Amino acid sequence: MIIAVTGTPGVGKTTVSKLLAERLNYDYVNLRDYALKNGLGEMKGDELELDVDELTETFAREFRDRNVVADSHLAHHMPADIVVVLRAHPRLIGERLKARGYSKEKVGENVEAELVDVILVEAIDKNENVIEVDTTGKTPEEVVEEILGLLGRGVKRRVGIVDWSGTYDEIIPYLRL
């Protein structure tokens with residue numbers, strides 16, 4: 001089984017993905033590292049530029065018969081049995097990305113993406129089995145327990161549980177205005 005864990009930068013994908021892989025005894029694959037290791041992209045400044053279709057094809061060949069948790073804001077493009085879209089309050093995204101040293105432009109871009117559900121919409125467009133999980137105010141362990149509970153109950157689709165539209169006024173400081 002391939003589980004793709006995706007979401008806006010800053011939602012907790014890597015921490016949750018590693019814990020989930022450990023709990024399930026699955027392989028953990030960070031798609032950024034995988035792409036670089038396999039010569040599927042190149043660094044341009046701080047950004048990894050790659051051909052998503054080429055990454056998808058290579059990933060599919062290598063992992064189709066394995067138990068894997070794939071971690072990336074691009075993971076929903078990979079062939080997966082289930083896509084878990086992690087969400088977090090846009091203000092939290094802004095604070096985390098500022099603490100990582102992201103530029104104001106990048107912080108704003110990602111806060112906006114979370115606000116308007118960009119990755120969720122892409123995931124739903126590309127995949128039948130999508131589970132949305134709000135990580136706000138939860139520990140990584142609680143998020144993993146929620147995911148495992150949903151998977152254990154056979155839930156394959158749970159979307160529309162997050163609505164950040166009421167948060168606009170409080171996230172204005174993070175936006176690219």
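Residues numbered from 1 in each chain as written. Predicted model: local features only at pLDDT ≥ 70, side-chain atom pairs only at ≥ 80, totals over all residues. Heavy atoms only, no water.

**Student:** Which parts of the structure should I look at to understand unusual backbone geometry?
**Tutor:** For Asn-25, which is not glycine, the phi dihedral falls at a positive 60 degrees. One can find Asn-25 in the loop between helix H1 (13-24) and strand E2 (27-30). One non-glycine residue, Asp-117, lies in positive phi territory at about 65 degrees. Structurally, the position occupied by Asp-117 is in the loop between helix H5 (104-115) and helix H6 (118-126). Among the residues examined, Asp-117 registers a relative accessible area of 23% and is labelled partly exposed. (Helix = DSSP H or I, 4+ residues; strand = E, 2+ residues; numbered from the N terminus. Buried < 20%, exposed > 50% of the residue type's maximum accessible area, 1.4 Å probe, protein only.)

**Student:** In this structure, what is going on with the nonpolar core? I would like to understand it.
**Tutor:** Grouped burial of nonpolar side chains is what soluble globular proteins tend to show. Ile-3, Leu-20, Leu-86, Val-133 and Ile-147 are the most contacted members of the largest nonpolar core, which totals 29 residues. For this core, the elements supplying multiple residues, two or more each, are strand E1 (2-6), H1, strand E6 (82-87), helix H4 (90-99), H5, strand E7 (130-134) and helix H7 (140-152). Top element by residues in this core is H7. It accounts for five residues. If you look at the next biggest cluster of nonpolar residues, it comprises 20 residues, including Ala-70, Ala-75, Val-83 and Leu-120. (Core = buried A, V, L, I, M, F, W, Y, C linked by side-chain atoms within 4.5 Å.)

**Student:** Please explain the packing of H4 against H5 as it appears in this structure.
**Tutor:** Between two packed helices, both the angle of their axes relative to each other and the distance between the axes serve to describe the pair. Where H4 contacts H5, the axes come no closer than 9 Å and their chain directions differ by 155 degrees. By the criterion of interaxial angle, the relationship of H4 to H5 is roughly antiparallel. Pair H4 / H5 crosses with right-handed handedness. When H4 is examined against H5, the residues Pro-90, Ile-93, Gly-94, Leu-97 and Lys-98 are found in contact with a partner set consisting of Val-107, Asn-110, Val-111, Glu-114 and Leu-115. Split by residue class, the contact of H4 with H5 holds six nonpolar, two polar and two charged. (Axes fitted to C-alpha atoms, helices over the stretch in contact; angles between N-to-C directions. Parallel < 35°, antiparallel > 145°, perpendicular 65-115°, else oblique. Left-handed = near helix turned anticlockwise from the far one by under 90°. Contact = heavy atoms within 4.5 Å. Nonpolar A, V, L, I, M, F, W, Y, C, P; charged D, E, K, R; others polar.)

**Student:** Help me understand H4 in this model?
**Tutor:** Side chains three or four residues apart in an α-helix point the same way, a direct result of the helix having 3.6 residues per turn. All buried positions along H4 are accounted for by Pro-90, Ile-93, Gly-94 and Leu-97. The buried residues of H4 occupy an angular sector of 100 degrees when the element is viewed end-on, so they sit on one face. Packed against the buried residues of H4 are H5 and helix H8 (168-171). Downstream of H4 by one or two residues, Gly-101 has phi in the positive range, about 85 degrees. (Arc of directions from axis to C-beta.)

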